[in-house]
Amino acid sequence: GRPQPEGGEVNRAMWNVYENWTKPVLLAFSDGDPVLGGAGYIWEKKCPGCKGQPHVTLKGAGHFSQDGGGNQLTKAVINFIERNQSKL
């Protein structure tokens, strides 16, 4: 195959960590993200820490979820921490 840029190696190394990550993970993707929108299913499939968590979809935000989704993101993070405090 064709040579992969350095980013590909970094990505593979990252997945080697997250495929074995058992601490809780919160997914908070935006419904309007043209880059990562819909990527949550990959995380849910590959990262054990995603299992059983109340993931959120930020309504009306874009790729930078704090822009237009800041209040939703803040609430999701607070709820996540309260729910998982003993596991973090």
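This one's a predicted model, so the numbers in the text were calculated from it and none came from an experiment.

**Observations concerning the overall build of the chain**
Here comes step 1: Tallying secondary structure elements over the chain gives three helices and two strands in all.
Here comes step 2: Along the first, second and third principal axes, the C-alpha set of the chain runs to 45 × 30 × 20 Å.
Here comes step 3: Here the chain, with 88 residues, has 25% of them falling under the buried criterion.
Here comes step 4: Within the chain, counting contacts between residues at least 6 apart in sequence, those at least 24 apart form 69% of the total.
Here comes step 5: The positive charge centre, built from 10 side chains, and the negative charge centre, built from 8, are 8 Å apart in the chain.

**What to know about the packing of aromatic side chains**
Given two aromatic rings, one states the distance between the centres and the angle between the planes to describe the pair.
Here comes step 1: Enumeration according to the criterion identifies three aromatic pairs in this entry.
Here comes step 2: Aromatic side chains Tyr18 and Trp21 sit 5.7 Å apart centroid to centroid with 55 degrees between the ring planes, which places their arrangement in the tilted category.
Here comes step 3: The class of Tyr18 is partly exposed, set by a relative accessible area of 27%.
Here comes step 4: Residue classification places Trp21 among the partly exposed residues on the basis of a relative accessible area of 33%.

**Re the layout of surface pockets**
To find leftover empty space, one rolls a probe the size of a water molecule over the atoms.
Here comes step 1: Space inside the largest pocket adds up to approximately 150 Å³.
Here comes step 2: If you trace the largest pocket, you find it lined by Val25, Leu27, Ala28, Phe29, Ser30, Asp33, Leu36, Trp43, Gly62, His63 and Ser65.
Here comes step 3: Top contributing element to the lining of the largest pocket by residue count: strand E1 (residues 28-30), with three residues.
Here comes step 4: Of the residues that constitute the lining of the largest pocket, the class distribution is six nonpolar, four polar and one charged.

**Brief notes about the side chain of Ser65**
Here comes step 1: Its location among the elements puts Ser65 in the loop between strand E2 (56-58) and helix H3 (66-84).
Here comes step 2: Overall, the relative accessible area of 15% leaves Ser65 in the buried class.

**A look at the pattern of salt bridges**
Here comes step 1: Inspection of the entire model under this criterion finds one salt bridge.
Here comes step 2: With a shortest N-O distance of 3.4 Å, Glu19 and Lys46 are connected by a salt bridge. Note that Glu19 is positioned in the loop between helix H1 (6-18) and E1 and Lys46 in helix H2 (residues 40-46), a separation of 27 residues in sequence.

**Thoughts on the environment of Gly60**
Here comes step 1: Relative to the helices and strands, Gly60 resides in the loop between E2 and H3.
Here comes step 2: The class of Gly60 is exposed, set by a relative accessible area of 63%.
Here comes step 3: Taking the C-alpha atoms as reference points, Gly60 and Val35, separated by 25 residues in sequence, lie 15 Å from one another.
Here comes step 4: Those residues within four positions of Gly60 in sequence are excluded, and the remaining contacts are Asp31 and Gly68.

What counts, and where the lines are drawn
Residues numbered from 1 in each chain as written. Predicted model: local features only at pLDDT ≥ 70, side-chain atom pairs only at ≥ 80, totals over all residues. Heavy atoms only, no water. Helix = DSSP H or I, 4+ residues; strand = E, 2+ residues; numbered from the N terminus. Buried < 20%, exposed > 50% of the residue type's maximum accessible area, 1.4 Å probe, protein only. Contact = heavy atoms within 4.5 Å. Lys, Arg positive; Asp, Glu negative; His and termini not counted. Charge placed at Lys NZ, Arg CZ, Asp CG, Glu CD. Phe/Tyr/Trp six-rings, centres within 6.5 Å; stacked < 30°, edge-to-face > 60°. 1 Å grid on protein atoms, 1.4 Å probe; cavity = no way out; pocket = protein on both sides within 12 Å on 5 of 7 lines; lining within 4 Å. Points joined across faces, edges and corners; volume = space filled by probe spheres on them. Nonpolar A, V, L, I, M, F, W, Y, C, P; charged D, E, K, R; others polar. Salt bridge = Lys/Arg side-chain N within 4 Å of Asp/Glu carboxyl O.

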